[in-house]
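# Coordinates in review
Below, each chain spelled out in residue letters.
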Protein chains: 2
Amino acid sequence: MSGDHEPRERVAGALRALADDAELRALLVGSAEPIEAALRGAPASVRARVEHVAATEIVAMDEPPREAIRRRKNSSMRIAIDLVKQGRAAACVSAGNTGALMAMAHFVLKTLENVERAAIMSAIPAAHGHTHMLDLGANTTATPEQLRQFATMGAIVARDVHGIENPRVGLLNVGVEDIKGHAVVQAAHALLAASPLNYVGFVEGDAIFSGAVDVVVTDGFTGNVALKTMEGLADFIGDRLRHHFGASVRNRIAGLVARPVLRRIAAELDPRHYNGACMVGLKGIVVKSHGRADRIAFARAVSLAAHAARSGLTAHIAQALETQGS
Amino acid sequence: MSGDHEPRERVAGALRALADDAELRALLVGSAEPIEAALRGAPASVRARVEHVAATEIVAMDEPPREAIRRRKNSSMRIAIDLVKQGRAAACVSAGNTGALMAMAHFVLKTLENVERAAIMSAIPAAHGHTHMLDLGANTTATPEQLRQFATMGAIVARDVHGIENPRVGLLNVGVEDIKGHAVVQAAHALLAASPLNYVGFVEGDAIFSGAVDVVVTDGFTGNVALKTMEGLADFIGDRLRHHFGASVRNRIAGLVARPVLRRIAAELDPRHYNGACMVGLKGIVVKSHGRADRIAFARAVSLAAHAARSGLTAHIAQALETQGS
C-alpha cells in the first residue's frame, strides 16, 4: 500500500472491485491502522473477503530499485510480491514506485522460461476501443529476439485478458515499408514475419490510435517516450481548453453548454478507465496502477489482475513461448 | 514542385510569402504549364520577383531515396537543391518525398565540417509557444557525439531562426534522473553536460509540451515515433470531438456554441502554423514542408527558409561546431 497518497483510495478501490466480483478476495498489505480506518463502513459481505497482511515499511517513490531490493524486505511491495511467489495470492497490484516494483518482481518471481526480459504493457484508447502496447518502459533496449517475445506475450494478453481474437500485431517503426528502420527493427521484422502471430508489419506512431492494429510492439525506451508524449499532449490540450473556455464571459458560457460533451470525451480518454499496466513475462501476475490512481482507477487495476489470473495468463504465455522456441 | 497535390497550392503559398516580404524572390522549379497557370492573376509587384526554372520530371512520393539520387537528376527536387549548391538560391523549400529530399540534399550539398549527420528539426506547439525538436527522422540511430551535434545545431536554430536567447536544451529519456536510460543517452548526457550549451539534462516526453525546455534532442527513430504519436493522438481527439458533437441534435447545438473556441484551439495546434522542418547540418538551407500543405502552410515554410538564410544560419552552425570541436 505504497503510492503517492495514503492507502485510503487504494483500499476503497479494492473494496469496489470486491463488491463487483463476488468470487474475489483481497490481501491488503501495509500498516494496520490506516488500512483498518479505510475498511470501516465496508459492507460485511465485502469485508469478509478482505484480509490484512502486516508490513512495517514502504518503498519510497524515489527509492532506487537496487536499494529497494536490498533494504526493503519488510515493505508492503516486497511482501505482496512474496505472497504471489508463495502461491498465497494469485496476483499483486501496486501503485508504488514502478522501477522498484519491476526490479523486485523480477528478483522474486523471475521470468518465465524462454522469456529473457519482462515488459510493461498497457491499454491505450484508440478508434476501435483500445490498442495494447508494450514495452512501456521496463527495458531501455531490446534485441530482435526480445521484441519477438514481447509480441508473443502481447498477443496472448490481448487475447486472454482483453478478449481480442487473433490480435493484429504491429512493430513500431519510422515508416511502414519493409526497408525502413534500423538494424534491430529490421531483424525483429524478419522474426515476426516468420512467427505464427497475426503480424501485420511495421506501423508508425499514429497507428497506436487508428485501430489498424491491436498490439503495438516496441522497446521500452521508445514506448516510454511515446507514452509520456501522449500524456503530455493530452494535458496540454486540456490546459488549452480550460484557458480558452475561461478567457471571457462568452467563452465561459460556451464552455458550460459544451461541458457535457467535452466531459464524455475526457472520460473516453481518461487513464482511470484503463488503469493497470501488466508486467508480462514473469512467473506470476503483477499489475502496476498509476501512482495517482483514485478508487475508480485502482478498482480497474484490481479487476484486470483478477481477470489475468483467472484466464491462466502466465501458463498461456509460457506455453506460447515454448511452442515458438526462444 | 512535387508533393501530394498539383503545384497550385505551393505556388500560391510562395506568392503569399512574397507578398508579405518585399525583399524576397522565388525560383519556382517544375514544369511550365501548371506553374504559369497558378501564377495567373498574381499582382505585378509580386510576379516581378518570380522566376520559373524548368524541370522535366518529379520525384514520386514513394520513390526510394537511392533511386531518386541516381535517376532523378532532372527532377524539380534535384534542380532546386542544385540551385542552392550553385549559389543561385539561398534556400530550397520542398513538399516532396522526405527521404529522397534528405538523401539528395546530403548528396548534393554535403554536411558541414564537424557535422557527421544532418537532422530534421521542427517546431511543436507548447505551453510557452513552441518547443523545437530534432532529429525527427533523418537518421534511425545516433551516436552520443551525433546527439551532441544535434543539440548544438538545435540551439543555434532556436536562437537565430526563432529568436530564443540562450535556449534551454533537454535530452529525451525515460526519466529525468542521471542514472536513467541506455548507454547512448548516458554518454550523450555526459558530453552535453560538459558542453557550453544551456543544457538542463534529461527530459521525458511530456516536456515537449510543458515549456520546461526550448530544444528537445533525440535520435531520429525516437523523434519520428514521438512526432507521429502526437499527430495520431491529435487526429484521434479531433475525431472524437466531431463524433460526439455530431451525436445528437443537442450535441450539435452545443458544438455550434463551442465552435469558435474549439476553432481557436485547433488553430493553435494546427501544423499549418508551424509548417516547415529545417534539415540542419548541411552546407545550405533546405526546408521540408508537409506533403499536404496548403498555401498558408507552404508560405510559412518559405518564410522560415528566408529567415534562416538571412540570419546566416549555415555559417553560425559551422562556427558553433568548430568552436566545440567534433
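First, a word on what this report is: a plain description of the structure on this page.

Thresholds applied
- Residues numbered from 1 in each chain as written.
- Chains lettered and ligands numbered in written order.
- Predicted model: local features only at pLDDT ≥ 70, side-chain atom pairs only at ≥ 80, totals over all residues.
- Heavy atoms only, no water.
- Helix = DSSP H or I, 4+ residues; strand = E, 2+ residues; numbered from the N terminus.
- Rg over C-alpha atoms; globule rule 2.2 N^0.38 Å.
- Buried < 20%, exposed > 50% of the residue type's maximum accessible area, 1.4 Å probe, protein only.
- Contact = heavy atoms within 4.5 Å.
- Areas by Shrake-Rupley, 256 points an atom, 1.4 Å probe, with all protein chains shown as cover.
- Lys, Arg positive; Asp, Glu negative; His and termini not counted.
- Charge placed at Lys NZ, Arg CZ, Asp CG, Glu CD.
- Pairing = 2+ DSSP bridges.
- Axes fitted to C-alpha atoms, helices over the stretch in contact; angles between N-to-C directions.

Here the focus is the overall build of chain A. Within chain A, the regular secondary structure consists of 13 helices and 10 strands. Computed over C-alpha atoms, the radius of gyration of chain A comes to 21 Å, within 12% of the 20 Å expected from 2.2 N^0.38 for 326 residues, which places it in the range of a compact globule. Each principal axis of the C-alpha distribution contributes one length, and for chain A these read about 60 × 60 × 35 Å. With 326 residues in all, chain A has 57% of them scored as buried. Contacts in chain A between residues far apart in sequence, at least 24 positions, make up 70% of those at least 6 positions apart. Accessible surface computed for chain A: about 13,900 Å², of which carbon and sulfur atoms make up 51%. Averaging the coordinates of the 36 positive side-chain charges in chain A and doing the same for the 33 negative ones gives two points 6 Å apart.

Take the sheet that holds strand β8 (residues 215–217) of chain A next. Residue and element names in this part refer to chain A. Spatially, β3-β10-β9-β4-β5-β8-β6-β7 is the arrangement adopted by the 8 strands of the open sheet, whose pairing is mixed. Of all strands in the sheet, those bounded by a partner on one side alone are β3 (91–94) and β7 (198–203). Adjacent strand axes in the sheet meet at a mean angle of 25°, parallel and antiparallel pairs treated alike. Judged from the 3 bridges that link them, strand β9 (residues 277–280) and strand β10 (residues 285–288) form a sheet pairing that is antiparallel. Considered in β10, the bridge of M279 is made with V286. Most of the contacts of helix α12 (residues 295–310) go to β10, to which it runs at about 160°, and overall it touches β3, β9 and β10.

Residue and element names in this part refer to chain B. Taking strand neighbours across the sheet as the criterion, the 8 strands line up as β3-β10-β9-β4-β5-β8-β6-β7 in an open arrangement whose pairing is mixed. Because the sheet does not close on itself, it has two edges, and the strands there are β3 (91–94) and β7 (198–203). Averaged over neighbouring strand pairs, the angle between their axes works out to 25° when direction is ignored. Bridge count for strand β4 (residues 119–126) against strand β5 (residues 129–134) is 6 bridges, and the pairing is antiparallel. Within the sheet, the bridge partner assigned to I124 lies in β5 and is T131. Against the sheet, helix α5 (residues 76–85) engages β3 and β10 (285–288), with an angle of about 160° to β3.

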